[in-house]
Amino acid sequence: MLSLSGCVRRLRRTSRHVSDSTVDGGHGDFTARAVLLGLIIGCLLCFTNLYFGLQTGWISMMSLQSALIGYLLSRFLPKPMSAQENVVLQTTAVATGTMPLAAGFVGILPALSLLDEERDGTPPVHLSWIAAVGWSCAVAFFGVFLSPPLRKQVIIEEQLAFPSGTATGQLISVLHQLPLPETNVRHRRGYNALASSEEDESIAYAAEAQETDALQALETEVAEQEGWSALSWSFAASGAMTLAAYFFPVVFSIPLFGTYLASEWLWTFTPSLSYIGQGIIMGFPTTLSMNLGMLVGWGVLSPLAKFSGWAPGPVGDMTTGSRGWILWISLAIMCSDSVVSLLPVMYEIFYERLWKTAFGLGEGDLSSKESKEVETDDRLVPMKWVIWGLCGSIVSGTILVWLVFGHDGIKPWATFIGFIMGGLLSVLGVRALGETDLNPVSGLGKISQLFFAWIQPGNIVANIIAGGVAEAGAQQAGDLMQDLKTGHLVRASPRAQFYGQLIGSCLSIVVTTTAYSLYRNAYEIPGPSFPAPTAYVWLGLARLLRDGELPEKSGEFMLLFAVLFSVVAAFKTYAVRSGSRYAKWIPSGVAFAIGFLNTPSFSLARLIGGIVEHVYYTRVGRENGGIRLIIIASGFVLGEGVVSVISLVLRTMGVGVASCWGCGHGMCGGCPAS
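The sections below set out a description of the structure shown in this document. (Residues numbered from 1 in each chain as written. Predicted model: local features only at pLDDT ≥ 70, side-chain atom pairs only at ≥ 80, totals over all residues. Heavy atoms only, no water.)

### Here's the deal with the pattern of salt bridges
Defined as follows: Salt bridge, as used here: a side-chain nitrogen of Lys or Arg that lies within 4 Å of a carboxyl oxygen of Asp or Glu. Note on conventions: DSSP H or I runs of at least 4 residues are helices, E runs of at least 2 residues are strands, and numbering of each starts at the N terminus. Burial classification: accessible surface area is computed with a 1.4 Å probe over protein chains only, and a residue below 20% of its type maximum counts as buried, one above 50% as exposed, and the rest as partly exposed.
According to the stated counting rule, one finds 1 salt bridge in the structure shown. In this structure, the salt-bridge partner of Arg33 is Glu85, at a minimum N-O distance of 2.9 Å. With a gap of 52 residues between them, Arg33 in helix H2 (residues 32–56) and Glu85 in helix H4 (residues 83–97) connect regions that are remote in the sequence. The class of Glu85 is buried, set by a relative accessible area of 5%.

Okay, here's the thing in structure tokens:
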């Protein structure tokens, strides 16, 4: 039987001998079936991202997986989708699926619910369903309207790489048998061509020319069957394990290192297939950085803080325990890493472009350059739409935030400044994302909190909300820019993608709000099952900026690790920009800090996925590996995310566990009986 990777390689070799065809005016890009399938996939991603975001603070765009699943689903349609329709599909899915992070459901809203009236001067803020919808509407569209002008600058004029968007464009081209897009970015691992020379390609193509159309159709059918088979069994396996963990909680909380370490130091192991799938998608270098952080944070600093008396409370306590103590170290690492990574971007913007343009020096003078735009006006988003959309989203967003939180929560002028700052931070974040494939949105959010602590001091609620408004625009613009890069490579209509982004964002407001309300009614958030670690980062920094007080001895360690990872980030940034092959092995500061935020159980499972990815492609070969592993990882992630909805329904209906056997270590945080 032919392998999926073999079929993909054949499609790529054939595509190189297909003459370039003119893409039509774009009228066929935006179709009802593409949008509908994108919304369906996006809703699944929305539940999945909310579930994992509340657990670990980490979500995924899943753009490549959306395109792959969309392609497989489209094979059931009477007429298969075009590559351009697939771009619109995955754009819609991403806009729908990333709202939990963009609207702050995994960080901002849980942080507001942690407020303490005695300590913070204001009671906890719990938004009703309609209030959460209003908040989501306030921040859902600013990044969408901001993306067209950013696209023109960073994708068309500067032609930044956007590696994830480029990888998705390459995959779509392969799946739809199109010539590969021209790009200076190295082809994504997992679907590289087998032929390495012109002679090899000519021999391969000569042999293929003798094959019948029937055989080619059979190969495509076999490949699709293999893809569905891999997706189905991985989805079913992950879903079954999730249900098993609901009825037998110890399944996801194994005291692998003994009951003492499990109960006293939170060292358990969660053999979640979804976390393994996330590790495969993240890759070995990222998961390795995360586990290095886990070892330093939970294996060294946590015992040190506990035994030294700096964090005398229970280890898991976020206020007096060592988990809350190491939180500050992770905050310092994230901020230093993000700021240092942004320095080259800020230099290029303010010196190479603004300064040189202002004084007409050298290449900074852009007025004489011809536009590199390849799309016609009828396929672009008109600038008047952008202007009206930005003004409307800022004005309506300011009013909605005032209606939701009141004048005591945040003043309208501060919200307005938050939107303006979000636009400025978006420029930095998008450029960093285009060059490194990492959106430093966590660091940008902290920069905004620092700014608002200066202009509206003493108001923790205003600090968190204004920071969330600024971060939302930067995060959303970055995610959508990856999709626009994919569309640019595949020649999909930017206007069609814009429509998909608006529709996906509209639906996601209702879906995300409803899902969050259901989870909040069934579980304590933050709580044992859904600790929402990023909520403590937001609230902790807001309190620090107001009070200026840190846990004992944490300041010295924050300074030490901030300096250390400033050097590491500078070295990594230089290596990435110089194209060093070893750049990926330099630790990522953000991933290292995530290892501090999450308990060891989450990081260990992801490391297994990273090792599987590394071993698989090392033994099989990057060029021969195919996309089968990506399909399996996608099934793992989607399986638990979707079946978690069933667990949510069971919890709401009062259905308890079947057995608490093995939970003697007291670490089965997801136990419905708790």
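### Here's the deal with the packing of helix H3 (residues 63–74) against helix H26 (residues 628–652)
Stated precisely, the cut-off is as follows: Only the stretch in contact is used when a helix axis is fitted, and all axes are lines through C-alpha atoms; the angle between N-to-C directions ranges over 0 to 180 degrees. These descriptions rest on fixed angle ranges, namely under 35 degrees for roughly parallel, over 145 for roughly antiparallel, 65 to 115 for roughly perpendicular, and the rest for oblique. In what follows, a contact means two residues having at least one pair of non-hydrogen atoms within 4.5 Å. Residue polarity is assigned by list, with Asp, Glu, Lys and Arg as charged and Ala, Val, Leu, Ile, Met, Phe, Trp, Tyr, Cys and Pro as nonpolar; anything else, Gly included, falls into the polar class.
Two numbers describe how H3 lies on H26: the axes approach to 10 Å, and their chain directions differ by 100°. Between H3 and H26, the angle is such that the two are roughly perpendicular. Residues Leu64, Gln65, Leu68 and Ile69 of H3 lie in contact with H26, whose contacting residues are Ile630, Ile631, Ser634 and Leu638. Of the residues contributing to the contact of H3 with H26, the split by class is 6 nonpolar, 2 polar and no charged.

### So, the environment of Val125
Looking at where Val125 falls in the secondary structure, it is placed in the loop between helix H7 (117–120) and helix H8 (129–139). Look at Val125 and you get buried, because its relative accessible area is 19%. Once the C-alpha coordinates of Val125 and Gly409 are considered, the two residues, 284 residues apart in sequence, prove to be 9.8 Å apart.

### Brief notes about the side chain of Glu85
As a reminder, the rule being used: The term polar contact refers here to a pair of N or O atoms within 3.5 Å; inside protein, the definition further demands a hydrogen-donor-capable atom paired with an acceptor-capable atom, and it admits residues adjacent in sequence only when both atoms are side-chain atoms.
A polar contact of 2.9 Å, which involves the side chain of Glu85, links it to the side chain of Arg33. When neighbours within four sequence positions are excluded, Glu85 is seen to be in contact with Gly28, Asp29, Thr31, Arg33, Ala34 and Pro80.

### Focus: the packing of aromatic side chains
Which entries qualify depends on this criterion: In this scheme Phe, Tyr and Trp rings, the latter by its six-membered ring, pair at centre separations within 6.5 Å, and the angle between planes marks the pair as stacked below 30 degrees, edge-to-face above 60, and tilted otherwise.
This structure, assessed with the given rule, holds 26 aromatic pairs. Arranged with centres 5.3 Å apart and planes meeting at 70°, the rings of Phe30 and Tyr499 form a pair that is edge-to-face. Remark: Tyr499 occurs in helix H21 (residues 494–522) and Phe30 occurs in the loop between helix H1 (4–15) and H2; sequence separation between them is 469 residues. Overall, the relative accessible area of 29% leaves Tyr499 in the partly exposed class. Taking 5.3 Å as the distance between ring centres and 65° as the angle between the ring planes, the aromatic pair formed by Phe105 and Tyr516 counts as edge-to-face. With Phe105 in the loop between helix H5 (99–102) and helix H6 (108–113) and Tyr516 in helix H21, this pair connects stretches of sequence that are 411 residues apart. Across the pair, Tyr516 and Phe105 agree in class, each one buried. Counting every residue linked through ring pairs, the aromatic cluster contains Tyr51, Phe52, Tyr275, Tyr519, Tyr523, Phe530 and Phe602.

### Examining the packing of H2 against H3
Heads up, the rule is: Helix crossings are classified by the rotation of the near helix relative to the far one: an anticlockwise turn of less than a right angle makes the crossing left-handed, while a clockwise turn makes it right-handed.
One way to put it is that H2 packs onto H3 with a least axis distance of 10 Å and a crossing angle of 130°. The pairing of H2 with H3 is recorded here as oblique in orientation. The handedness of the crossing between H2 and H3 is right-handed. Together, Leu37, Ile41 and Leu45 of H2 and Ser66, Ile69, Gly70 and Leu73 of H3 make up the contact between the two elements. For the contact of H2 with H3, the class distribution of residues is 5 nonpolar, 2 polar and no charged.

### Topic: unusual backbone geometry
The residue after Ile525, namely Pro526, is reached through a cis peptide bond having omega -10°. Structurally, Pro526 can be placed in the loop between H21 and helix H22 (533–547). Backbone geometry at Leu266 places phi at a positive 65°, although glycine is not the residue there. Relative to the helices and strands, Leu266 is located in the loop between helix H13 (259–265) and helix H14 (273–282). Using a relative accessible area of 9% as the deciding quantity, one classes Leu266 as buried.

### Some details on a nonpolar patch on the surface
Put simply, the rule reads: Like charges within 9 Å and nonpolar side chains (Val, Leu, Ile, Met, Phe, Trp, Tyr) within 5 Å are joined into patches, using only residues over 30% in relative accessible area that form no salt bridge. In short, Shrake-Rupley with a 1.4 Å probe defines the accessible areas, and a residue's cover is counted only from the protein chains shown.
Together, Ile254, Leu256, Phe257, Tyr260 and Leu261 make up an exposed nonpolar region whose accessible area comes to about 460 Å². For Leu256, the position within the fold is in the loop between helix H12 (213–247) and H13.

### Observations regarding the environment of Ala305
Tracing the sequence through the fold places Ala305 in helix H15 (residues 284–307). Judged by its relative accessible area of 0%, Ala305 falls in the buried class. Contact partners of Ala305, with chain neighbours within four places excluded, come to Trp310, Ala311, Ser322 and Trp325.

### Re helix H23 (residues 554–577)
The condition is simple: To estimate the expected span of a helix, count its residues, drop one, and scale the result by 1.5 Å.
The end-to-end C-alpha distance of H23, which contains 24 residues, comes to 33 Å, matching closely the 34 Å that a straight helix rising 1.5 Å per residue would cover. Every buried residue of H23 is listed here: Ser554, Phe557, Met558, Phe561, Ala562, Phe565, Val568, Ala569, Lys572, Thr573 and Ala575.

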